[in-house]
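The residues making up each chain are set out below.
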Amino acid sequence: MPLSEHEQRMLEQMERALYAEDPKFASALEGAGLRTYTRRRVYQAVAGFLVGVALLMAGVIVPYYWVSVVGFLVMLACALLAVTGWRKAPKPGEHPVGGPHGRRPARPKRSMMDRIEERWQRRRDEQGH
């Protein structure tokens, strides 16, 4: 059973009040876990890129050319990880699609409002209204 227009307006007012009262908490509820995951992935890729640069320089100093090739490959892989991780990161206020790896969940989850509404209907039915 969908929410009525009045209930939708009330819910929107509650959301705005939550944002106004505690924007940090509200943004934490919006999928900050995915943003944190992708941000951490980008930071790790940047650190790996710097390790690749170090390997590339070490390969120039030591007589083994394969060290430079490995350094270059590490740099390339980390650059790709950083770029793809940065593009997948949701913007603040945006709802992510799927889990942290971009996959959609096998079963769509019901929202909190759907569960509350279902409980309300069950109680009304049990009371005979």
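Higher on the page you've got the structure.
Just so it is clear, the structure is predicted and the values come from calculations on it, not from any experiment.

## Overview of the overall build of the chain
Next up, step 1: Secondary structure assignment for the chain yields five helices and zero strands.
Next up, step 2: Helices and strands in the chain line up, N terminus first, as α-α-α-α-α.
Next up, step 3: At a minimum sequence separation of 6, the contacts of the chain that also span at least 24 residues come to 55%.
Next up, step 4: As displayed, the chain offers around 10,700 Å² of accessible surface, 63% of which is attributable to carbon and sulfur atoms.

## Comments concerning the pattern of salt bridges
Next up, step 1: Scanning the entire structure with this criterion turns up one salt bridge.
Next up, step 2: The residue Arg122 makes a salt bridge to Glu118 at a minimum N-O spacing of 3.4 Å. With a gap of four residues between them, Arg122 and Glu118 both fall in helix 5 (residues 112–127), about one helical turn apart.
Next up, step 3: The class of Glu118 is partly exposed, set by a relative accessible area of 36%.

## What to know about helix 5
Next up, step 1: Its 16 residues place the ends of helix 5 23 Å apart at the C-alpha level, agreeing with the 22 Å of an ideal helix rising 1.5 Å per residue.
Next up, step 2: Just downstream of helix 5 lies Gly128, where phi reads positive at about 85°.

## Side note on a nonpolar patch on the surface
Next up, step 1: A contiguous nonpolar surface patch, about 1,300 Å² in accessible area, is contributed by Val60, Ile61, Val62, Tyr64, Tyr65, Trp66, Val69, Val70, Phe72, Leu73, Leu76 and Leu80.
Next up, step 2: Elements that contribute at least two residues to the nonpolar patch include exactly helix 3 (32–61) and helix 4 (65–88).
Next up, step 3: The element best represented in the nonpolar patch is helix 4, accounting for eight residues.
Next up, step 4: Structurally, Leu73 can be placed in helix 4.

## A look at the environment of Leu55
Next up, step 1: Tracing the backbone shows Leu55 in helix 3.
Next up, step 2: Overall, Leu55 belongs to the partly exposed group, its relative accessible area being 28%.
Next up, step 3: Put simply, Leu55 and Val69 are 14 residues apart on the chain and 8.6 Å apart in space, counted from C-alpha to C-alpha.
Next up, step 4: When residues no more than four places from it in sequence are discounted, the contact partners of Leu55 are Val67, Ser68, Val70, Gly71 and Val74.

## Here we look at the environment of Gln44
Next up, step 1: Among the structural elements, Gln44 can be located in helix 3.
Next up, step 2: For Gln44, a relative accessible area of 53% translates into the label exposed.
Next up, step 3: Put simply, Gln44 and Leu81 are 37 residues apart on the chain and 9.0 Å apart in space, counted from C-alpha to C-alpha.

## Things to note about the side chain of Ser68
Next up, step 1: The topology assignment puts Ser68 in helix 4.
Next up, step 2: A polar contact is formed between the side chain of Ser68 and the backbone nitrogen of Val60, at a distance of 3.5 Å.
Next up, step 3: Residues in contact with Ser68, not counting those within four places in the same chain, are Leu55, Leu56, Gly59 and Val60.

Reading the values: the criteria
Residues numbered from 1 in each chain as written. Predicted model: local features only at pLDDT ≥ 70, side-chain atom pairs only at ≥ 80, totals over all residues. Heavy atoms only, no water. Helix = DSSP H or I, 4+ residues; strand = E, 2+ residues; numbered from the N terminus. Contact = heavy atoms within 4.5 Å. Areas by Shrake-Rupley, 256 points an atom, 1.4 Å probe, with all protein chains shown as cover. Salt bridge = Lys/Arg side-chain N within 4 Å of Asp/Glu carboxyl O. Buried < 20%, exposed > 50% of the residue type's maximum accessible area, 1.4 Å probe, protein only. Expected span 1.5 Å × (residues − 1). Patch = residues over 30% accessible without salt bridge, like charges linked within 9 Å, V, L, I, M, F, W, Y side chains within 5 Å. Polar contact = N/O pair within 3.5 Å; in protein donor to acceptor, adjacent residues only side chain to side chain.

Note that all results are geometric; they support no functional claim without further evidence.
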